[in-house]
Amino acid sequence: MAQALTPHKLSRFNLKRKPFRTYALTIVVSVLSFVLFGGSLVSISLKNGLGGLEARFGADLIVVPLGHESDQKALLLTGKPSYFYFDKGIADKLKELDGISKLSTQFYLTALSASCCSVPVQIIGIDPASDFTISPWIKESVGGNIEKGALIVGSDIELEDNKHIRFFDKDYPVAARLDETGTGLDQSVFASIETIKDLYQRARQKGLNFLAGTDPEGSISSVLIKVKDGYGIERLITDIRRSMDGVQIIKTQGLIGSISRSLGNFISFFKLFAITFLVITLLILSVVFSATANERKKEFATLRLLGATRKRLAAILLWESLYISGMGGVIGTGIAAAIVFPFNVYIADRIGLPYLMPSPIWIATLLTGSLITAVAVGPTASAYLAVKLCRPQTYLTFREGE
Amino acid sequence: MKSKFLSGIVFIAAGLLLATGPYLLFPVCKGGMMVMRCHNTAKAELILGILIIAVGALTLITKSKKIRLWLNAATGLLAVLAILFPNAITGVCSKVHMSCRSLTLPSIAIISILLVFFTAVNTLYLFKQGNKGEIRDGTGIDPT
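Just so we're clear, the structure is a prediction, and the values are computed from it rather than from any experiment.

Engineer: Looking at this model, I keep getting lost on the overall build of chain A. Mind explaining?
Structural biologist: Helix and strand counts for chain A stand at 12 helices and 12 strands. For 402 residues, the compact-globule formula gives about 21 Å, and the C-alpha radius of gyration of chain A, at 31 Å, lies well above that figure. The C-alpha extent of chain A, read off along each of the three principal axes, is 100 × 50 × 30 Å. Looking at chain A residue by residue over its 402 residues, the buried ones come to 48%. Taking contacts inside chain A between residues at least 6 apart in sequence as the whole, the part at least 24 apart equals 79%. Approximately 19,500 Å² of chain A is accessible, and the part contributed by carbon and sulfur atoms is 59%. Across chain A, the mean location of the 43 positive side-chain charges is 17 Å away from that of the 35 negative side-chain charges.

Engineer: What's the story with the confidence of the model for chain B in this structure? I'm lost.
Structural biologist: Do not read the predicted coordinates in detail wherever pLDDT is low. Residues and elements named next belong to chain B. Chain-level pLDDT for chain B is 87 on average; 88% of the residues reach the 70-or-more range. The least confident element of chain B is helix 4 (residues 99-132), whose mean pLDDT is 90; the most confident is helix 2 (residues 37-61), at 94. Long-range and interchain partners of residues 134-144, a stretch whose pLDDT sits below 50, account for 11 contacts in this model, where long-range means more than four residues apart. Both scores are given for the predicted complex: the pTM is 0.79, the ipTM 0.82.

Engineer: Explain the nonpolar core to me, please; I cannot follow it from the model alone.
Structural biologist: Residues and elements named next belong to chain A. Counting residues in hydrophobic clusters, the biggest one holds 58 residues, and the most contacted among them are Ile124, Phe190, Ile259 and Tyr355. Counting residues per element, this core draws most heavily on helix 2 (residues 19-56), which supplies seven residues. Inspection of this core shows a minimum of three residues originating in each of domain 1 (7-53 + 259-399) and domain 2 (67-245). Residues Leu285, Phe289, Ala314 and Val377 belong to the second largest nonpolar core, which totals 25 residues.

Engineer: What's the story with the environment of leucine 60 of chain B in this structure? I'm lost.
Structural biologist: All names here are of chain B. For leucine 60, the position within the fold is in helix 2. For leucine 60, a relative accessible area of 24% gives the class partly exposed. When the C-alpha atoms of leucine 60 and arginine 101 are compared, they prove to be 34 Å apart, with 41 residues separating the residues in sequence. Once residues within four sequence positions are removed from consideration, leucine 60 is found in contact with Lys4, Phe5, Gly8, Ile9 and Ile12.

Engineer: Just to check I follow, could you spell out the pairing of strand 11 (residues 222-227) of chain A for this structure?
Structural biologist: Looking along a regular strand, one sees the side chains alternate between the two faces of the sheet. Residues and elements named next belong to chain A. Burial analysis of strand 11 places five of its six residues in the buried class, which makes it a mostly covered element. As judged from the three bridges shared by strand 1 (residues 61-65) and strand 11, these two strands associate in the antiparallel manner. When the sheet's bridge partners are listed, valine 63 is paired in strand 11 with valine 223. The pairing of strand 3 (residues 100-112) with strand 11 spans six bridges and is antiparallel. The residue of strand 11 that forms the bridge with lysine 102 is lysine 226.

Engineer: Could you clarify how one ought to interpret a nonpolar patch on the surface in this entry?
Structural biologist: A surface patch of nonpolar side chains, amounting to about 590 Å² of accessible area, comprises Leu17, Tyr23, Leu24, Leu25, Leu46 and Ile50 of chain B. Among the structural elements, tyrosine 23 of chain B can be located in the loop between helix 1 (2-20) and helix 2.

Engineer: I would appreciate a short explanation of the domain arrangement of chain A in the present structure.
Structural biologist: Frequently, the measure chosen for interface size is the accessible area removed from exposure when the parts meet. Residues and elements named next belong to chain A. By domain assignment, chain A separates into domain 1 (7-53 + 259-399) and domain 2 (67-245). Placing the centre of domain 1 and that of domain 2 at their C-alpha centroids yields a distance of 49 Å. The interface of domain 1 with domain 2 comprises eight residues on the first partner and six residues on the second. For the pair domain 1 and domain 2, the summed buried area comes to about 600 Å², and 68% of that belongs to carbon and sulfur atoms. The interface formed by domain 1 and domain 2 contains zero salt bridges. Joining domain 1 to domain 2, the criterion identifies one residue pair in polar contact (both at pLDDT 80 or more).

Engineer: Sorry, what's going on with the packing of aromatic side chains here?
Structural biologist: Each aromatic ring pair is specified by the distance between its two centres and by the angle formed by the two planes. This model, assessed by the stated rule, comprises nine aromatic pairs over all chains. Put simply, the rings of Tyr83, Tyr85, Phe107 and Tyr200 of chain A touch in pairs and so form one group of aromatic residues. Looking at lysine 4 of chain B, its charged tip hangs above the ring of phenylalanine 5 of chain B, at a distance of 5.8 Å from the centre.

Engineer: I keep staring at the packing of helix 1 of chain B against helix 2 of chain B and nothing clicks. Help me out?
Structural biologist: If you want to describe how two helices pack, look at the angle between their axes and the distance between the axes. Residue and element names in this part refer to chain B. Running from N to C, helix 1 and helix 2 point in directions that differ by 165 degrees, and their axes come no closer than 7 Å. Considering the angle they form, helix 1 stands roughly antiparallel to helix 2. Here the hand of the crossing between helix 1 and helix 2 comes out left-handed. Between helix 1, through Lys4, Phe5, Ser7, Gly8, Ile9, Phe11, Ile12, Gly15, Leu16, Leu18 and Ala19, and helix 2, the contact on the second element is made entirely by Glu45, Leu46, Gly49, Ile50, Ile52, Ile53, Val55, Gly56, Ala57, Thr59 and Leu60. Here the contact of helix 1 with helix 2 is built from residues that sort into 14 nonpolar, six polar and two charged.

About the cut-offs
- Residues numbered from 1 in each chain as written.
- Chains lettered and ligands numbered in written order.
- Predicted model: local features only at pLDDT ≥ 70, side-chain atom pairs only at ≥ 80, totals over all residues.
- Heavy atoms only, no water.
- Helix = DSSP H or I, 4+ residues; strand = E, 2+ residues; numbered from the N terminus.
- Rg over C-alpha atoms; globule rule 2.2 N^0.38 Å.
- Buried < 20%, exposed > 50% of the residue type's maximum accessible area, 1.4 Å probe, protein only.
- Contact = heavy atoms within 4.5 Å.
- Areas by Shrake-Rupley, 256 points an atom, 1.4 Å probe, with all protein chains shown as cover.
- Lys, Arg positive; Asp, Glu negative; His and termini not counted.
- Charge placed at Lys NZ, Arg CZ, Asp CG, Glu CD.
- pLDDT = per-residue confidence, 0-100.
- Core = buried A, V, L, I, M, F, W, Y, C linked by side-chain atoms within 4.5 Å.
- Domains from an automatic or database assignment.
- Pairing = 2+ DSSP bridges.
- Patch = residues over 30% accessible without salt bridge, like charges linked within 9 Å, V, L, I, M, F, W, Y side chains within 5 Å.
- Salt bridge = Lys/Arg side-chain N within 4 Å of Asp/Glu carboxyl O.
- Buried area = accessible area lost by both parts, 1.4 Å probe.
- Polar contact = N/O pair within 3.5 Å; in protein donor to acceptor, adjacent residues only side chain to side chain.
- Phe/Tyr/Trp six-rings, centres within 6.5 Å; stacked < 30°, edge-to-face > 60°.
- Lys NZ or Arg CZ within 6 Å of the ring centre and 35° of its normal.
- Axes fitted to C-alpha atoms, helices over the stretch in contact; angles between N-to-C directions.
- Parallel < 35°, antiparallel > 145°, perpendicular 65-115°, else oblique.
- Left-handed = near helix turned anticlockwise from the far one by under 90°.
- Nonpolar A, V, L, I, M, F, W, Y, C, P; charged D, E, K, R; others polar.

See the structure below:
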């Protein structure tokens with residue numbers, strides 16, 4: 001049975017007849033949708049990571065031993081394990097200063113998790129009584145009590161049985177798991193000072209000596225400080241510098257500010273890149289469509305003679321461009337999804353900044369936005385031509401070039 | 001004929017990636033004091049990759065469509081095994097940020113899934129082609 005030649009059927013035949021042009025234009029739109037979806041997903045993940053870092057930093061200042069500022073920053077941002085110590089007396093001296101609202105100490109240790117591999121895990125000893133930075137982020141309680149030898153694990157730490165983690169041939173119960181932040185703290189394990197002492201002893205028995213002359217009784221790795229409302233942070237920094245030597249002070253707002261600036265540059269660059277790409281894609285499609293339309297004048301004139309209305313001719317062109325941009329959009333976003341989702345941890349590690357993937361609703365919104373933009377590019381590029389092509393007299397067009 | 005060369009080359013390329021990738025392109029974790037799971041996975045992928053390369057070479061030299069159909073199915077099964085080894089059989093390290101987990105595992109998964117998809121489409125194609133060349137008593141006619 002004969003079938004009617006609708007504009008969309010005709011456009012499909014046209015695309016099949018010119019496979020090189022079809023594939024080339026589809027690739028151009030694919031690259032655009034890849035850049036739009038992949039780039040915006042990475043940008044938003046970085047923004048979320050910064051948000052997580054800001055929210056997670058309950059402390060205004062972190063005091064560390066002199067020369068270990070970069071180690072502390074790497075630990076917080078990328079989870080690179082390290083340990084460094086200074087005398088516990090420094091925390092007592094700091095307590096005497098004015099302008100401190102909250103103060104808590106931490107002790108760092110690194111250990112190999114028996115369930116995994118030969119890469120150490122960062123263990124952070126906290127004082128549950130004074131801690132104000134870790135406890136608010138407990139996502140789910142698994143069981144046990146941190147005061148009684150249990151551990152709190154970051155969101156990236158995987159447990160064999162969801163209840164225990166093995167260090168130095170001993171299974172430690174896990175009390176809770178922290179919410180995901182996209183920072184290095186997701187890869188850390190937190191313990192009370194009492195548990196840290198036990199871990200430290202076991203490490204020593206295994207022949208691991210961290211730093212000579214240090215132990216959890218008399219040493220600490222960092223002091224976290226929350227400044228009193230109304231008391232200037234800079235003023236407190238000056239007070240600390242005047243009262244003691246051998247320490248380095250990290251201003252968390254300064255740390256966040258520097259990340260925010262580099263992230264701002266990245267996002268501005270991405271926006272510029274995406275807009276440039278969008279314009280280039282529109283230009284390429286417009287040029288190609290107009291070039292092919294010129295050589296297809298007779299084809300359209302013939303269709304007109306066969307009784308096709310001007311609207312139908314415009315519809316053929318629009319359907320062709322819609323097919324190209326639709327295919328390109330789906331392929332580009334598909335490839336972006338196949339790279340960004342499975343490799344998100346690798347991408348985060350390579351960038352070296354806090355990275356937190358957006359929620360599924362956000363991902364769906366981004367996907368829809370990228371697809372709509374990519375799909376709209378083709379018809380936008382051919383719309384003017386579709387109107388223009390219908391203008392000339394059919395007879396004159398048909399006789400052109402004779 | 002085109003399908004024969006295409007599938008042969010795709011199998012050899014995928015086999016090469018699976019065999020050498022875990023050591024060169026998307027390496028597993030560096031060796032330390034401990035023998036890690038991912039090292040066993042890399043060895044398994046090396047063997048599977050070599051087998052896929054061998055099947056690819058056989059595909060290139062085989063004329064019979066029926067044998068190519070079986071070679072194709074075998075590659076599909078090897079690709080499924082390539083997915084299963086890092087995910088269920090030998091496994092990879094449990095730390096999310098380890099190289100084997102963040103890079104090797106997704107790379108192997110993507111290559112293997114694409115290979116499974118390719119072999120599925122190719123098997124269907126070869127099966128249809130085989131049916132086209134079959135006469136009533138079930139004797140196959142090889143149009144090549």
